[in-house]
Amino acid sequence: MFAGPMLEGPPSRADDWTWIIHSSEEARNAIDRLVELRVDSIKVHDGLERESYLAIAAASKERGISFVGHVPSSMTPVEASDLGQKSIEHLEFVPKSCHALFESVAGGAPRPLPTGCDPQSLGELLHRLAHNGTWLDPTIQSFRYWAPTQWNAIFSGFREMVPSIRQNHISILAGTDSSTVLEEKGDPPGTGLHDELALLVDAGFTPSEALRAATLNPALFLGLSDSLGTIEAGKIANLVLLDADPLQDIRSTQRITAVISEGRYLDRQMLDRMVLESGRKCPENTTH
């Protein structure tokens, strides 16, 4: 499943992965081109002017394609949700004015709450997202690499919101934000998902909810639940076999005995050989 190049606004620069949108006309043309490229969704990113974002939302709806991603500063999370943005990545579902909630305060003093950032206001925001069917993809583990000095405050702020997320029954995806940039920062591909599941549970989700965020929920989100997401006769045999129950300890997802990939059985010996041949180094005290 591909989203194609990200749609950003200035002052970002265009590259192989980014198209810079300067106007509503450019926005509509970009959607037409991406649909011709047969992408599965449109990814919006930072810097988009309000008129450009509104044009992207309208053109996506006209062409029958979903749009996902960040919430640019020209929009609020509620506005993005109301306009039909299917998912909001990272912690972009929190208004930019409230990002102080994720910042450390010297001396451990209570964090001052900007207007509209109190628990009641954030609860009302999450209720609106739930009503609109907006999905959240926190990628919480990635912040250990993007913002290591703020990590404790970021995780604490996220954990405070989890009860409201669960109470409003917002659908969660277990994303990683995996990239070559994160790999260079010390986050090898593959381990991030296990970390994300563990952190979701540490933040207040149940192991079952975390597992669904990595299995059934993505299948539902991508429209693939007829063939993926659950173990049923007739579905594609993509399975991970563990030697311990992840419902008792979510970290048991790392105790992998074998993998079945589209019906092909890969035992522990084969998995170890594949990791060795890839040249990747696995974290200590974990399986690969």
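Shown above is the structure to which this text applies.
The rules behind these values
Residues numbered from 1 in each chain as written. Predicted model: local features only at pLDDT ≥ 70, side-chain atom pairs only at ≥ 80, totals over all residues. Heavy atoms only, no water. Helix = DSSP H or I, 4+ residues; strand = E, 2+ residues; numbered from the N terminus. Rg over C-alpha atoms; globule rule 2.2 N^0.38 Å. Buried < 20%, exposed > 50% of the residue type's maximum accessible area, 1.4 Å probe, protein only. Contact = heavy atoms within 4.5 Å. Lys, Arg positive; Asp, Glu negative; His and termini not counted. Charge placed at Lys NZ, Arg CZ, Asp CG, Glu CD. Axes fitted to C-alpha atoms, helices over the stretch in contact; angles between N-to-C directions. Parallel < 35°, antiparallel > 145°, perpendicular 65-115°, else oblique. Left-handed = near helix turned anticlockwise from the far one by under 90°. Salt bridge = Lys/Arg side-chain N within 4 Å of Asp/Glu carboxyl O.

Caption draft 1: Inspection of the overall build of the protein chain at higher detail. The secondary structure content of the protein chain amounts to 11 helices and nine strands. Taken over C-alpha atoms, the radius of gyration comes to 20 Å for the protein chain, in line with the 19 Å a tight globule of 288 residues would show. Judged by the C-alpha coordinates and their principal axes, the protein chain covers about 55 × 55 × 35 Å. Expressed as a percentage of the 288 residues in the protein chain, the buried residues total 41%. Taking the contacts inside the protein chain whose residues are at least 6 apart along the sequence as the reference set, 59% of them involve residues at least 24 apart. Across the protein chain, the centroid of the 25 positively charged side chains sits 2 Å from that of the 39 negatively charged ones.

Caption draft 2: Representation of the packing of helix H4 (residues 119-132) against helix H6 (residues 151-167). Put simply, H4 and H6 touch, their axes get as near as 9 Å, and they point 40 degrees apart. As summarised for this structure, H4 and H6 are arranged oblique, according to the angle between their axes. Two packed elements cross with a definite hand, and for H4 against H6 that hand is right-handed. Together, Leu122, Gly123 and Leu126 of H4 and Met161, Ser164 and Ile165 of H6 make up the contact between the two elements.

Caption draft 3: Summary view of the pattern of salt bridges. Enumeration according to the criterion identifies 10 salt bridges in this entry. Of the charged contacts in the structure, one is a salt bridge between Arg166 and Glu209, with a shortest N-O distance of 2.9 Å. Taken together, the positions of Arg166 in helix H6 and Glu209 in helix H9 (residues 207-214) put the pair 43 residues apart, joining distant regions of the chain. Using a relative accessible area of 32% as the deciding quantity, one classes Arg166 as partly exposed. Under the relative-accessibility criterion, Glu209 is labelled partly exposed at 23%.

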